[in-house]
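The lines below spell out each chain.
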Amino acid sequence: MNQQGVSEICFEETYAVSHDQTARSLFARLPHGREYAQTLIECLATGYLVAVVESICVREMQIHIDATMEVVVGRTVHIEHLGPIPPMTRLRLRGWVEGLGERSATFRVQAYDDHELVLDGTVTLVAAHRASIESRIATKVDALEAARGGGQRG
């Protein structure tokens, strides 16, 4: 990870909220959420808001790693979802690197709609060793397959 480059990350951009990102839409696709999804509001689901913010931070950090050797992964997300965000809203997202570790970066993030601050928080990402992460995933996949009686991967 190029720490100097990561330390200088700062972004401002807009994001248009789509109808399929509402709490009602998301929960309707989840087995345990189907029965009550229609009782939810038609506003951006917190999970989608987290994904939007994290994806922007990952994109920005990705520029400063060697993608053949490293992969950007999430470590922690601390956000306050401060206001409802209806579909078709244009969010203004701002972020900057607030802290650096040896292989990590903590981003300060904020999102505004036309009326108010709707998100405030931090996202910490890690530039992990790709081979190590891939090995850990393979071990888990092998264990799952073995538990299902599928044997080992080839």
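Calculation rules
- Residues numbered from 1 in each chain as written.
- Predicted model: local features only at pLDDT ≥ 70, side-chain atom pairs only at ≥ 80, totals over all residues.
- Heavy atoms only, no water.
- Pairing = 2+ DSSP bridges.
- Helix = DSSP H or I, 4+ residues; strand = E, 2+ residues; numbered from the N terminus.
- Axes fitted to C-alpha atoms, helices over the stretch in contact; angles between N-to-C directions.
- Contact = heavy atoms within 4.5 Å.
- Expected span 1.5 Å × (residues − 1).
- Buried < 20%, exposed > 50% of the residue type's maximum accessible area, 1.4 Å probe, protein only.
- Arc of directions from axis to C-beta.
- Salt bridge = Lys/Arg side-chain N within 4 Å of Asp/Glu carboxyl O.

What follows is about the sheet that holds strand E2 (residues 70-81). Pairing within the open sheet is antiparallel, and its five strands lie in the order E1-E3-E4-E5-E2. The sheet is open, and its two borders are formed by strand E1 (10-16) and E2, each paired with just one other strand. Within this sheet the neighbouring strands show an average axis-to-axis angle of 25°, counted without direction. Seen against the sheet, helix H3 (residues 46-62) touches E1, E2, strand E3 (90-100), strand E4 (104-112) and strand E5 (117-129) and runs at an angle of roughly 50° to E5. Helix H4 (residues 130-147) rests against E2 and E5 of the sheet, and its axis sits at about 95° to E5.

Turning to H3, a few remarks are in order. Residues spaced three or four apart along an α-helix face the same direction, because each turn holds 3.6 residues. In this model H3 runs 24 Å from its N-terminal to its C-terminal C-alpha over 17 residues, within 8% of the 24 Å that 1.5 Å per residue would give. All buried positions along H3 are accounted for by Leu49, Val52, Val53, Ile56, Cys57, Glu60 and Met61. All buried residues of H3 fall inside an arc of 160° around its axis, so they share one side. Where the residues of H3 are buried, they touch helix H1 (3-7), E1, E2, E3, E4 and E5.

This part is about the pattern of salt bridges. Overall, the coordinates contain seven salt bridges when judged by the stated rule. Here Arg24 and Glu42 are joined by a salt bridge, their closest N and O atoms 3.4 Å apart. Taken together, the residues span a long stretch of sequence, with Arg24 in helix H2 (residues 23-28) and Glu42 in the loop between H2 and H3 at a distance of 18 residues. With a shortest N-O distance of 2.7 Å, Arg59 and Glu60 are connected by a salt bridge. Taking the relative accessible area as the measure of exposure, Arg59 reaches 39% and is therefore partly exposed. Overlapping salt bridges bring together Glu13, Arg59 and Glu60 as one network.

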